[in-house]
Amino acid sequence: MNVFLIGSGGREHALAWKIAQSPRLAKLVIAPGNPGTAQLGENVSLPINGEDGFSQALALCQERKIDLVVVGPEVPLAAGIADVLISAGFPVFGPNQAGAQLESSKAFAKTFMAQNGIPTAPFAIFDNFEAALAYVQQAPYPVVIKASGLAAGKGVLLPESQAEARSALQAMLLDRQFGAAGQQVIIEERLSGEEISLLAFCDGKSVQTMPPAQDHKRLLDGDQGPNTGGMGAYTPAPVASQSMIQEALSRVFQPTLAGLQAQGIHYVGVLYAGLILTNHGLSVLEFNCRFGDPETQAILPLLDSDLLEIMAACTQGRLAGTSIQWKNGAAACVVAAAQGYPGSYTRGIPIYGLDSPLENAVVFHAGTRQLGEQILSDGGRVLGISGWGDGIGAALNHAYAALQTISFDRMHYRQDIGWRALNRQARTSQHAGAYANAGVDIDAGNQAVELMDQALRSTYGPEVLAGVGAFGGLFDAAGLKKLRNPVLVASTDGVGTKVKLAAQAGSYASIGMDIVNHCCNDILVQGARPLFFLDYFASSKLNPEIVAQVVAGMAEACRASGCALLGGETAEMPGVYAPDQFDIVGTIVGVVEKSQILPRQDIQAGDMLVGLRSSGAHTNGYSLIRQVFSNTPLETIFPELDEALGTALLAPHRSYLPVLDPILINQPGWIKALAHITGGGLVENLPRVLPSGMGAEISVGSWSIPPLFKLIQQHGQIQEQEMYRVFNMGIGMVCICAPQDLASLQAAFGEESFVIGAIVNDPDHRVTLK
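The sections below set out a description of the structure shown in this document. Small disclaimer: the values here were computed from a predicted structure and weren't measured.

**A closer look at the overall build of the protein chain**
Assigned secondary structure in the protein chain consists of 24 helices and 37 strands. The C-alpha extent of the protein chain, read off along each of the three principal axes, is 95 × 60 × 55 Å. Out of the 770 residues belonging to the protein chain, those deemed buried represent 55%. The long-range fraction of contacts in the protein chain, counting pairs at least 24 apart against all pairs at least 6 apart in sequence, stands at 75%. Accessible surface for the protein chain amounts to roughly 30900 Å². Of this, 49% is attributable to carbon and sulfur atoms. One way to put it: in the protein chain the 48 positive side-chain charges average out to a point 4 Å from where the 69 negative ones average out.

**Section: the packing of aromatic side chains**
Scanning the model with the defined rule gives 14 aromatic pairs in all. Judged by centre distance (6.3 Å) and plane angle (40°), the ring pair of Trp17 and Trp388 falls under tilted. Taken together, the positions of Trp17 in helix 1 (residues 10-19) and Trp388 in strand 23 (residues 381-389) put the pair 371 residues apart, joining distant regions of the chain. What makes Trp388 partly exposed here is its relative accessible area of 23%. Aromatic ring contacts, followed pair by pair, group Trp17, Phe364 and Trp388 into a single cluster.

**Focus on the sheet that holds strand 30 (residues 564-572)**
Taken together, the four strands give an open sheet; going across it, the order is 28-31-29-30, and neighbouring strands pair in mixed fashion. Looking along the sheet, the strands with just one partner apiece sit at the ends: strand 28 (486-494) and strand 30. Neighbour-to-neighbour, the strand axes of the sheet open up by a mean angle of 15°, direction not taken into account.

**Examining the side chain of Asn685**
With respect to the element layout, Asn685 can be found in helix 21 (residues 681-685). Here Thr678 takes part through its side chain, which lies 3.2 Å from a polar atom of the side chain of Asn685. In terms of polar contacts, Asn685 uses its side chain to reach the backbone carbonyl oxygen of Gly679, at 3.3 Å. Excluding anything up to four places from it in sequence, Asn685 contacts Ala675, His676, Ile677, Thr678, Gly679 and Gly680.

**Comments concerning the state of the cysteines**
For the structure on display, the rule yields zero disulfides. In this model Cys61 remains outside any disulfide bridge; the closest cysteine sulfur is found in Cys314, 18 Å from its own. Residue Cys520 stays outside any disulfide, its sulfur separated by 6.9 Å from that of Cys563, the closest cysteine.

**Description of unusual backbone geometry**
A cis amide bond links Ala31 to the next residue, Pro32, at an omega of -5°. With respect to the element layout, Pro32 can be found in strand 2 (residues 27-32). Cis geometry marks the peptide bond from Leu598 to Pro599; its omega dihedral reads 0°. Take Pro599: it is sitting in the loop between strand 31 (582-593) and strand 32 (608-613). Positive phi outside glycine occurs at His618, with the angle close to 60°. The residue His618 is located in the loop between strand 32 and helix 18 (622-628) in this model.

**Description of the side chain of Lys110**
By the secondary structure assignment, Lys110 is in helix 6 (residues 106-115). Beyond its immediate sequence surroundings of up to four residues, Lys110 is in contact with Thr120, Ala121, Phe123, Ile186 and Glu188.

**Comments concerning the pattern of salt bridges**
One pass over the full model with this rule turns up 27 salt bridges. Two residues, Glu309 and Arg318, come together in a salt bridge whose shortest N-O distance is 2.7 Å. Relative accessible area serves as the criterion here: at 31%, Arg318 is assigned to the partly exposed category. For the salt bridge of Asp661 with Arg529, the shortest nitrogen-to-oxygen distance reads 2.5 Å. Of this pair, Asp661 sits in helix 20 (residues 657-666) while Arg529 sits in strand 29 (residues 529-539), and the two are 132 residues apart along the sequence. Overall, the relative accessible area of 16% leaves Asp661 in the buried class. When its relative accessible area of 21% is taken as the criterion, Arg529 is described as partly exposed. Here the salt bridges do not stand alone but share partners, grouping Asp223, Arg414, Asp416 and Arg420 into one network.

The rules we used
Residues numbered from 1 in each chain as written. Predicted model: local features only at pLDDT ≥ 70, side-chain atom pairs only at ≥ 80, totals over all residues. Heavy atoms only, no water. Helix = DSSP H or I, 4+ residues; strand = E, 2+ residues; numbered from the N terminus. Buried < 20%, exposed > 50% of the residue type's maximum accessible area, 1.4 Å probe, protein only. Contact = heavy atoms within 4.5 Å. Areas by Shrake-Rupley, 256 points an atom, 1.4 Å probe, with all protein chains shown as cover. Lys, Arg positive; Asp, Glu negative; His and termini not counted. Charge placed at Lys NZ, Arg CZ, Asp CG, Glu CD. Phe/Tyr/Trp six-rings, centres within 6.5 Å; stacked < 30°, edge-to-face > 60°. Pairing = 2+ DSSP bridges. Axes fitted to C-alpha atoms, helices over the stretch in contact; angles between N-to-C directions. Polar contact = N/O pair within 3.5 Å; in protein donor to acceptor, adjacent residues only side chain to side chain. Disulfide = S-S within 2.5 Å. Salt bridge = Lys/Arg side-chain N within 4 Å of Asp/Glu carboxyl O.

See the structure below:
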């Protein structure tokens, strides 16, 4: 892909750095760029604002055969550059002018939030000095005064007295110190709480959030001094729990997207919500229509997916089907600024040390220019130094270590970036110590949740309103309206003693798949398709890595089944479970049209039994299996298995949804009933779907018994009748159909199947093996 990136700051250098890592990239052109972006692509001297700039940008797109335009700053977006390029047929990652109003007009944004029920502070909008002053004088709360338009991050004033409020209003409405941006002002209640920057990719129909970040606006340590564009940032912000993020999705991002759609605004790009966590709940301070700066320099080092592919997916409306992965750990950015910033400062100061080798760190150019071989300062915020590591502390250590290799005259930077996160970690460690004395490791539980988070989120669609971390999962049932008479189907089951075998082998992902697929099959036999899944993991002592492996397996199975893994419970219970022991349970909820519930009532003698292969022992009979092979190493390779014993025994339970769902949708009349062959084998599971007065006869030789079951029988000296009562014996699902539908049904499976018997009249409701 040929990519055109617009902008020149640290944010754009970070974007170029990540885009350049994409295998899909053919050519990267940046306008106007900076010395940092010049190392990653071709800088082009091009104005990016105004009609002349837009026409030149369009000409460049046409000349260079650009496949994707990425707009970094808010000013060209607010001026409508996306509209110009999109109308000429060029995909743009960035909202059109109407969508950019969320940032370019605070009056529009606040009114929009009020109309769409999005939580925000009480406010009023004024363009008259006297009316605004009268409102401030009688306001029952401390106020914030904001210029409505774009003011380069300097349009928010926090008056501490009536005199300061008057001066702020006079500067905006009378003296026009903020130009057109201050022609309208918003006066709103000043809220108290920690602020969070939550950014999300958006394709006009759906959103996917990035890790939550916190930035540092004040110039000096201890959050002192004047406001700036940002002196540093870090992610993830520990104060932002998963429940808070889910609340932001359901109460902010999704209503915003719906409100934009209602106004005919197709919003593509980054939707940035500036949030505050108050004692009364979450509230929106502001929206931005682009990547934050310096948040981007902290967030992108953690992105483990292809940024270019994500951006392309947004412009093509396929974000919901795009998996976005994030690295474990944390990242932080420290800004190196010129002395005098955010006021007047000197430009053209030589910068040294930019070629120094770095460990887990990168230097992003923000306000620089090149003169010959020398890099010079050319802005207030000169550089952004980003570091990453296992946690916030490690990330900050790498960033500050890299910063020590760089110098320019009168360089200024804050030395306390990340202080909130570090203080929170210290408090959490003290709190966890009391629980540790009781044998419960709070830190392990928190780490397990962090490791699980991305796996769970990879299964979410727009219907998931709240998932992991929330008190209860929220699933939007509006999609069920397309069914005439929807019936919910639920099932709960466990993996059983197969978990002991997994622990012995040190392999855990397959049992996560086991529990999901087992439950999925249990509702499939009633004709249902899965909606969401909940899990329960309990142990004597939590091992976060084991929990993460199990949940990763669950997530993989859920994605394959189109099922949301909403979350569940992870419990550490010393004294309840023996050391190194654990248990896994799952609950699934699905839906079926009432008229298509299985089994049907027209099952009769002569109907055929068709078997589908199992993938192994599935999740049943493992107490007996462990007894049979108690003295056999799991690494043993038996000739008849052609693989290690442990590998064969831990083969994941198969899901039959991919095979049967298309038939149930397109030819529902072919299948009269389904029987999931679990504990009790064919003998005990088939009667569960048969009407009274009906039985079944099974022809034992009608399918080949897999070598694994022969090996179990041989080593355990188990009678054949007992084998069929305990194991599935190679048949994991049985379909009942009319004889005239048999050939069509077997052809529709797309895999080998076996006619294993037939329905017979039997008042005793028995299954007979012949």
